[in-house]
Amino acid sequence: METETIEAKINLASDTFAKSIDAMATGGFVRDGVLKQAVVSVIWALFREMPDQRDALADVLDEWTQTIKEAALEEERRAGAE
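Residues numbered from 1 in each chain as written. Predicted model: local features only at pLDDT ≥ 70, side-chain atom pairs only at ≥ 80, totals over all residues. Heavy atoms only, no water.

Engineer: I keep staring at the confidence of the model for the protein chain and nothing clicks. Help me out?
Structural biologist: Interpretation of this model should avoid reading the predicted coordinates in detail wherever pLDDT is low. Of the residues in the protein chain, 90% reach a pLDDT of 70 or more, and the chain-wide mean stands at 83. Within the protein chain, the element-level pLDDT minimum falls on helix α1 (residues 2-24), averaging 79, and the maximum on helix α3 (residues 54-81), averaging 89. (pLDDT = per-residue confidence, 0-100. Helix = DSSP H or I, 4+ residues; strand = E, 2+ residues; numbered from the N terminus.)

Take a look at the structure:
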């Protein structure tokens, strides 16, 4: 199915992107700067490519914020349990 192929391509590109950010950023301050710039660049690219879906993009980004916070809390809980 075409949707599965697109989803697989997006997942692969996302994984590759995330791994390349980690390789570029070695120190805490540098790492934060690289991460922030990467996220901003992706958001702007999506914003430009989806002019008719900008409200939906904003909604997704709001959801991501909560998802990231929940993931961080879960990691902290797991680390505390070990």
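From this point, the narrative continues.
Engineer: I'm lost on the pattern of salt bridges in this one. Help?
Structural biologist: A side chain of one charge can pair with a side chain of the opposite charge if their charged atoms are brought near each other. With the rule as written, the count across this model stands at two salt bridges. Of the charged contacts, one joins Glu 74 and Arg 78 as a salt bridge, the two residues approaching to 3.2 Å between their closest N and O atoms. Of this pair, Glu 74 and Arg 78 both sit in helix α3, separated by four residues, roughly a single helical turn. Each of Glu 74, Arg 77 and Arg 78 takes part in a single network of salt bridges with overlapping partners. (Salt bridge = Lys/Arg side-chain N within 4 Å of Asp/Glu carboxyl O.)

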